[in-house]
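In case you want the letters, here they are:
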Amino acid sequence: MTLLITNARIASENSPALVAADVLISDGKVRQIGQGLVAPDGARTIDARQRIAMPGMFDAHVHFREPGFESKETIASGSEAAINGGITGVVMMPNTSPAIDSATVVANVLEIAKRTARIPVYTSGCVTKDRHGKEMAGIDGMRALGVKMLTDDGDTTGDPAVLLRAMQYATEFGMFFASHCEVPELAGPRALNEGVVSYRLGIKGSPACAEEIIIDRDIRLAHAAGAHIHIQHVSSKLGMETIRWWKSRGDVRVTAEVSPHHLLFCDEDIGDFDTNYKMNPPLRTKADNEGLLEGLIGGVFDLIATDHAPHTPFEKSQDFVAAPNGITGMDTALVSLYHYFVATGKFGWDLVVKRYSAEPRRLMGLPVPSIAVDQAVDLILFDPEGQTTFSKEFMKSKSQNTPLIDQTLKGSVDLVVLGDEILLER
Ligand SMILES: [Zn+2]
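Along every chain, residues carry numbers that run from 1 in the direction the sequence is written. This being a predicted model, a pLDDT of at least 70 is required before a residue's local features are given, and a value of 80 or more before pairs of side-chain atoms are given or counted; all residues contribute to the totals for chains, interfaces and linings. Think of the side-chain values as coming from all heavy atoms in the structure, minus any hydrogens and water.

Peer 1: In this structure, what is going on with the packing of helix α12 (residues 333–342) against helix α13 (residues 349–363)? I would like to understand it.
Peer 2: Think of two packed helices as two axes; the pair is described by the angle between the axes and how far apart they sit. Lines are fitted to the C-alpha atoms to define the axes, a helix being fitted only along its stretch in contact, and any angle between axes, read from their N-to-C directions, falls within 0 to 180 degrees. Only DSSP runs of H or I covering at least 4 residues are called helices, and only runs of E covering at least 2 are called strands; the numbering of each starts at the N terminus. The interhelical angle for the contact between α12 and α13, taken along N-to-C directions, is 145°, at an axis separation of 11 Å. Considering the relative orientation of α12 and α13, their crossing is right-handed. Seen from α12, the contacting residues are Ala333, Leu334, Leu337, Tyr338 and Val342; seen from α13, they are Trp349, Val352 and Tyr356. By definition, any crossing whose near helix is turned counterclockwise from its far helix by less than a right angle is left-handed, and any crossing with a clockwise turn is right-handed. Whether two residues touch is decided by their heavy atoms; if any such pair falls within 4.5 Å, the residues are in contact.

Listed below in structure tokens is the structure:
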């Protein structure tokens, strides 16, 4: 396939300025970038009409629910939701059934991904057997199949001695640890943030300290073991500050992620017990939203990740305390980041490309795509003048548990090209 994209504006992680240019791609590689390029014989031309060209996003925290919970999502439907949102690579979390805690399950998941997904799907592996927090998982076997990230996501690794031992063991193999931070005894039923809103609704809340204590514990363990620790879905300002303090010391390798929903929404948005606002860690306060944005702009957060967590309408229709935690994110992430932050001048496309495309791939030790001559094609076109309505028909995820359902936001993902294939065109 030979494709000439004319009148694009190219975004990169290195500069806030967009570069106007035509881009010629053929046989999966970027061949030429410049002004007034002429389409070779047989080439197709797409007029980008000032749309923004950038590399595809990479989501390092998604729940694809296969094996075990295929009514919520499958690897096939999840990866289509990713493409729908301009995401061209993902890392699955291991809280499936069975949990991804051995070479056998990893091999099974990677085989399904190879057969059914149109983008690269990587998987993390559990730190402990069945995520029970007691006994080390089959780490060496998973490593042999390419697993890099170890996490008991969904829960904190219960026994710190087991986590420390796993860190000492797996760090030698170049693996790293990703922590879901939560003291279960403090978090209680995990319904929502403890504060004014939880008191008003009369529901036992989960205090931010339940998360902040484990952020500190797990970085301390990594410090002791010489391990690389990645802190997942940080939801509180003090959590962000804890990570900033550890990073400023410079003697432990710590990275961290923030999710669009923790930047966008707070506990007051729950309103009349809307379970689409229920996730773990919970939405905290407006001051936390502001603290997290400060952390993203200031580089405390290395990456943006959605924690895409699909659940069926039936499950989410239960009462607020009984309904499962999680919201979907991949269909909506890029458009919502544009609508709420880029279009409002809070940050530029360079931050989006750096934090949602480049850094997550660096975390995983993968090549980082860019729109440059001789690079493999991994390209999306984003229309800042367009708009997207997140209707049920638009969503490619099997589940639609997001507060953005049926909302219309500015911006749209119009084209996704990976290698020699157009994965999406609108
Ligand atoms: Zn989690």
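Having seen the model, we can carry on.
Peer 1: Can you help me understand the coordination of the zinc ion in this one?
Peer 2: Each pair of donors in an ideal four-coordinate tetrahedral metal site encloses 109.5 degrees, whereas pairs in an ideal six-coordinate octahedral site enclose 90 or 180 degrees. Donor atoms (N, O, S) are those found within 2.8 Å of the metal centre, with the cutoff raised to 3.2 Å for Na, K and Ca; water is not part of the atom list, so apparent gaps in a site can occur. Looking at the zinc ion, the protein donor atoms are Asp153 (OD), His180 (ND1) and His233 (NE2), and they sit 2.0 to 2.3 Å from it. Donor residues for the zinc ion, ordered by position in the chain, follow D-x26-H-x52-H. In this pair, His180 sits in the loop between β10 (176–179) and α5 (184–187) while His233 sits in the loop between β11 (228–231) and α8 (237–249), placing the two residues 53 residues apart along the sequence.

Peer 1: Any chance you could explain the pairing of strand β16 (residues 421–425) here in plain terms?
Peer 2: Regular strands place side chains that alternate from one sheet face to the opposite one. Whether two strands pair comes down to DSSP finding at least two bridges between them. Judged from the four bridges that link them, strand β15 (residues 408–418) and β16 form a sheet pairing that is antiparallel. Paired with Leu415 across the bridge in β16 is Glu425. Between the end of β15 and the start of β16, which pair antiparallel, lie two residues, with Gly419 showing a positive phi angle near 60°.

Peer 1: Please explain the environment of Leu363 as it appears in this structure.
Peer 2: As for its position among the elements, Leu363 is in helix α13. In sequence terms Leu363 and Ile25 are 338 residues apart; their C-alpha atoms lie 27 Å from each other. Not counting the four nearest positions on each side in its chain, Leu363 is found in contact with Ala60, Met149, Phe176, His228, His230, Thr255 and Leu303.

Peer 1: It is not clear to me how the sheet that holds strand β6 (residues 57–62) should be interpreted in this structure. Could you clarify?
Peer 2: Sheets are built from strands that pair by backbone hydrogen bonding, the pairs being arranged parallel or antiparallel. Taken together, the three strands give an open sheet; going across it, the order is β6-β7-β8, and neighbouring strands pair in parallel fashion. Taken across any chain shown, the strands that pair with only one partner, and hence form the sheet edges, are β6 and β8 (121–123). Direction aside, the axes of adjacent strands within the sheet are offset by 20° on average. Pairing geometry for β6 and strand β7 (residues 87–92), over three bridges, is parallel. Across the sheet, Met57 pairs through a bridge with Ile87, a residue of β7. Where helix α2 (residues 103–116) meets the sheet, it contacts β7 and β8, and its direction lies at approximately 170° from that of β8. Strand contacts of α13: β6 and β7, with the helix running at about 65° to β6, the strand carrying the most contacts.

Peer 1: Hey, could you run me through unusual backbone geometry in this one?
Peer 2: Glycine aside, residues mostly have negative phi, and peptide bonds are mostly found in the trans state. Cis geometry marks the peptide bond from Glu66 to Pro67; its omega dihedral reads 10°. Relative to the assigned elements, Pro67 resides in the loop between β6 and α1 (75–84). Looking along the chain, the bond that leaves Asn280 and enters Pro281 is cis, with omega of 0°. With respect to the helices and strands, the residue Pro281 is situated in the loop between α9 (260–264) and α10 (286–297). Of note in this structure, Arg49 is not a glycine but carries a positive phi near 50°. Secondary-structure assignment places Arg49 in the loop between β4 (44–47) and β5 (52–55). Phi angles above zero are rare outside glycine, and Asp307 is one such case at about 55°. Each residue is assigned to one of three classes by its accessible area relative to the maximum for its type, calculated with a 1.4 Å probe on protein chains only: buried under 20%, partly exposed between the two thresholds, exposed over 50%. For Asp307, a relative accessible area of 8% puts it in the buried group.

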